[in-house]
Amino acid sequence: MVADRFGDVVSYTNTIEELGGSGIVVPGRGFLLNNELTDFDFAPLQQGVPDPNLPAAGKRPRSSMSPTIVLRSGRPWLAVGSPGGASIITTVLQILLNRIDFGMTLPQAIAAPRASQRNRAVTQAEPAFIAAPTTPGLQQLGQSFVIVDTSPLDPSIMISPDIGAATGLEFLGDGQVLAAAEPVRRGGGSAGVIDPSKTSN
């Protein structure tokens, strides 16, 4: 997310899916190509039933549809985003629920434990989510959780069980902006305001 002094706001997704993306670097350019096709289903979930998530020309992965700007009275209020492939949408949704519905501050909403349900029998969750006092109640309702700490491409490779690496902006009025990033996930993030007079603690 970025905002300028005129009140223009941009939110975009920067993700390459797995660590290292497709493993292909563009010759002479030095950046990795993504492997976002893994966000599509490669076979219909049910035989004979149309599946809108099959790869085809003109489609884009669901994770690319997630950059979010929330308006209040027609003006930008929140801008939130995260990398994380298929977990991007659930990360952004949880941050918005935490901030808007549960009354957390934006830094608290970003730092809160996460889970990611993506139409599967088991929900991916962070260790802190599974350890939360509310999780046993969810399990009693039939929810199942799993910590993902190995690469789906090669289970011998250990990866962080973190879900997402979010950043966000909150426009507080009178030109004040709160910039927030992950305090711990993936080594902690970075967010800032160029003009210190525009920040709020």
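Note on numbering: residues in each chain are counted from 1, in written sequence order. Only residues with pLDDT of at least 70 get local features here, since the model is predicted, and only at 80 or more are side-chain atom pairs given and counted; chain-wide, interface and lining totals rely on the full set of residues. Values reported for side chains reflect all heavy atoms of the structure, with hydrogen atoms and water molecules removed beforehand.

1. Here's the deal with the pairing of strand 9 (residues 176-181)
Then, in step 1: The pairing of strand 8 (residues 167-173) with strand 9 spans six bridges and is antiparallel. Following the sheet pairing, Leu169 is matched in strand 9 by Ala179.
Then, in step 2: Paired strands are those between which DSSP finds at least two bridges. Counting from the N terminus, the helices are the DSSP runs of H or I reaching at least four residues and the strands are the DSSP runs of E reaching at least two. The loop that links strand 8 with its antiparallel partner strand 9 comprises two residues; one of these, Asp174, has a positive phi angle of about 55°.

2. Here we look at the pairing of strand 3 (residues 68-72)
Then, in step 1: Two strands pair when backbone bridges link them, and strand 3 and strand 4 (residues 75-81) are joined in this way by five bridges, in the antiparallel orientation. Looking at the pairing, Arg72 lines up with Arg75 of strand 4.
Then, in step 2: Hairpin connection between strand 3 and strand 4: a loop of two residues separates the two successive antiparallel strands, and Ser73 in this loop has a positive phi of roughly 55°.

3. Considering the sheet that holds strand 6 (residues 123-125)
Then, in step 1: On the basis of which strands lie adjacent, the open sheet formed by three strands has the order 5-6-7 and mixed pairing. Looking along the sheet, the strands with just one partner apiece sit at the ends: strand 5 (115-116) and strand 7 (145-146).
Then, in step 2: For strand 6 and strand 7, the ladder comprises two bridges, and the chain directions are parallel. When the bridges of strand 7 are listed, Gln124 appears paired with Val146.

4. A few points about the nonpolar core
Then, in step 1: Ranked by internal contacts, the top residues of the largest apolar core, which has 14 residues, are Ile95, Leu96, Leu106 and Ile110.
Then, in step 2: When residues of this core are traced back to their parent elements, those giving at least two are strand 4, helix 1 (88-101), helix 2 (106-111) and strand 9.
Then, in step 3: Note on definitions: a residue-residue contact is assigned when non-hydrogen atoms from the two residues lie within 4.5 Å. Those residues within four positions of Leu106 in sequence are excluded, and the remaining contacts are Ile95, Arg99, Gly168, Leu169, Glu170, Leu178 and Ala180.
Then, in step 4: Formed by five residues, the second largest nonpolar core is a distinct cluster that contains Val9, Leu169, Phe171 and Val177. By nonpolar core we mean a set of buried residues, namely Ala, Val, Leu, Ile, Met, Phe, Trp, Tyr and Cys, connected to one another through side-chain atoms within 4.5 Å. Between buried and exposed lies partly exposed: a residue is buried under 20% and exposed over 50% of the maximum accessible area for its type, with that area taken using a 1.4 Å probe on protein chains only.

5. Brief notes about the packing of aromatic side chains
Then, in step 1: Pairs were defined over the aromatic rings of Phe, Tyr and Trp, the Trp ring being its six-membered one, requiring ring centres within 6.5 Å. Orientation was assigned from the angle between planes: stacked under 30 degrees, edge-to-face over 60, tilted for the rest. If you walk through the whole model with that rule in mind, you get one aromatic pair.
Then, in step 2: Between Phe129 and Phe145, the ring centres sit 5.4 Å apart and the planes meet at 55°, which makes this aromatic pair tilted. A residue pair is termed long-range when its members are at least 10 positions apart, and Phe129 in helix 3 (residues 127-130) and Phe145 in strand 7 qualify at 16 residues.
Then, in step 3: Each ring is checked for a lysine NZ or an arginine CZ that lies within 6 Å of its centre and within 35 degrees of its normal; such an atom marks a charge sitting over the ring. The residue whose ring lies beneath Arg72 is Trp77, and the NZ or CZ to ring-centre distance is 3.9 Å.

6. Some details on the pattern of salt bridges
Then, in step 1: Take a side-chain nitrogen of Lys or Arg and a carboxyl oxygen of Asp or Glu: if they are within 4 Å of each other, that pair is a salt bridge. In this structure the tally under the stated criterion is four salt bridges.
Then, in step 2: In this structure, Glu170 engages Arg99 in a salt bridge whose closest nitrogen and oxygen atoms are separated by 2.9 Å. Of the two residues, Glu170 sits in strand 8 while Arg99 sits in helix 1, which places them 71 residues apart along the sequence.
Then, in step 3: Here Arg99 falls in the buried class, since its relative accessible area comes to 18%.
Then, in step 4: As a salt-bridge pair, Glu182 and Arg185 come within 2.7 Å of each other at their nearest N and O atoms. With respect to class, Glu182 is no different from Arg185; both count as buried.

7. Quick word on the environment of Ile88
Then, in step 1: Locating Ile88 in the fold gives a position in helix 1.
Then, in step 2: Between the C-alpha atoms of Ile88 and Ser11, which are 77 residues apart in sequence, the distance is 13 Å.

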